Amino acid sequence: MLYEAETGNITMALAGDVLVHRRFACYREPRFQGLLDIFRSADVGYANLEGVSHRYGHRPAMRKGLFYTAFPPECLEDLKEAGVSLVSCANNHSFDYGEGALLETIGHLDRLGIAHAGTGRHLREARAAGYLETARGRVALVAATATFTEHHRAGDQGPDVVGRPGA
């Protein structure tokens, strides 16, 4: 018996930065729906999650920059429904609202089953690949960023020290 994963025919839809600040599942324009159809029909839908997802219970972290990006968790639900199944979280906005929002984002992604990489509860998690299992094979994502301030960096965990969340 030949498994689908052995055919070598995995399809991927790739997007760049996704800044979703409000629900979008209600839009029905044909060109927009056509884009969603591409993502929904792919085995893997990838995007760079440019921001954090939380309930706005966190204050913006101190950083240089023009703006902070965040969006409610329902937007992640729309992304999943749109076919996004794998996201990178390491970028210049991953720590905009501090540790709490970063950890809340990871929780929402895990709850929704959206694979992710680039941030974590400590350095080991932030450096780890995110894995997505599909019928046609396993996909791994490693995500990194060079545009962040030093205090956004995830910290090592040791026998006597709890790691620091970050990118």
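Refer to the structure presented above.
Attention in this report is confined to the structure presented alongside it.

A few words now on empty space enclosed by the protein. Gaps left between atoms are located by rolling a probe of water-molecule size over the structure's atoms. Inspection of the entire model under this criterion finds one cavity of 30 Å³ or more. Looking at the largest cavity, its volume works out to about 40 Å³. Together, Gly 51, Val 52, Cys 89, Ser 94, Leu 102, Thr 105 and Thr 119 line the largest cavity. In terms of residue class, the lining of the largest cavity is made up of three nonpolar, four polar and no charged.

With parallel pairing, four strands are arranged side by side in an open sheet as β1-β2-β5-β6. Single-partner strands in this sheet number two, and they are β1 (12-18) and β6 (115-117). Across the sheet, the mean angle from the axis of one strand to that of its neighbour is 20°, orientation sign disregarded. Of the pairings in the sheet, the one linking β1 to strand β2 (residues 44-49) comprises five bridges and is parallel in character. By the bridge assignment, Asp 17 is partnered in β2 with Asn 48. Each of β2, β5 (86-88) and β6 is contacted by helix α3 (residues 98-112), which is oriented at about 150° to β6, the strand it contacts most.

The subject of this paragraph is the environment of Asn 92. Structurally, Asn 92 is set in the loop between β5 and α3. Given a relative accessible area of 30%, Asn 92 falls into the partly exposed group. Asn 92 sits 75 residues away from Ala 167 along the chain, and the two C-alpha atoms are 9.1 Å apart. Looking at Asn 92, its side chain comes within polar contact range of the side chain of His 93, at 3.4 Å.

This structure, assessed with the given rule, holds one aromatic pair. Both rings, one in Phe 24 and one in Phe 32, keep their centres 6.0 Å apart while their planes meet at 85°; by these two values the pair is edge-to-face.

This paragraph deals with the packing of helix α2 (residues 73-81) against α3. Viewed as axis vectors pointing N to C, α2 and α3 meet at an angle of 35°, and their least axial separation amounts to 10 Å. Once α2 is placed against α3, the crossing between them reads as right-handed. Contacts between α2 and α3 involve Pro 73, Leu 76, Glu 77 and Lys 80 from the former and His 108, Leu 109, Arg 111 and Leu 112 from the latter. Its residues assigned to classes, the contact of α2 with α3 shows four nonpolar, one polar and three charged.

Attention now moves to the pattern of salt bridges. Two side chains carrying opposite charge are able to pair once their charged atoms lie near each other. Per the counting criterion, the structure on display carries seven salt bridges. Of the charged contacts, one joins Glu 125 and Arg 121 as a salt bridge, the two residues approaching to 2.8 Å between their closest N and O atoms.

Now for the state of the cysteines. Covalent bonding between the sulfur atoms of two cysteines is what defines a disulfide. As enumerated under the stated definition, the model contains zero disulfides in all. With no disulfide of its own, Cys 26 has Cys 75 as its nearest cysteine by sulfur position, at a separation of 11 Å. Free of any disulfide, Cys 89 has its nearest cysteine sulfur in Cys 75, 15 Å distant. Accessibility expressed as a relative area gives 4% for Cys 89, which makes it buried.

Attention now goes to the environment of Asp 37. Examined against the element boundaries, Asp 37 turns out to sit in helix α1 (residues 30-41). Since its relative accessible area comes to 45%, Asp 37 is described here as partly exposed. Along the backbone, Asp 37 and Gly 83 are 46 residues apart, and their C-alpha atoms lie at a distance of 8.2 Å.

So, how was this worked out
- Residues numbered from 1 in each chain as written.
- Predicted model: local features only at pLDDT ≥ 70, side-chain atom pairs only at ≥ 80, totals over all residues.
- Heavy atoms only, no water.
- 1 Å grid on protein atoms, 1.4 Å probe; cavity = no way out; pocket = protein on both sides within 12 Å on 5 of 7 lines; lining within 4 Å.
- Points joined across faces, edges and corners; volume = space filled by probe spheres on them.
- Nonpolar A, V, L, I, M, F, W, Y, C, P; charged D, E, K, R; others polar.
- Pairing = 2+ DSSP bridges.
- Helix = DSSP H or I, 4+ residues; strand = E, 2+ residues; numbered from the N terminus.
- Axes fitted to C-alpha atoms, helices over the stretch in contact; angles between N-to-C directions.
- Contact = heavy atoms within 4.5 Å.
- Buried < 20%, exposed > 50% of the residue type's maximum accessible area, 1.4 Å probe, protein only.
- Polar contact = N/O pair within 3.5 Å; in protein donor to acceptor, adjacent residues only side chain to side chain.
- Phe/Tyr/Trp six-rings, centres within 6.5 Å; stacked < 30°, edge-to-face > 60°.
- Left-handed = near helix turned anticlockwise from the far one by under 90°.
- Salt bridge = Lys/Arg side-chain N within 4 Å of Asp/Glu carboxyl O.
- Disulfide = S-S within 2.5 Å.

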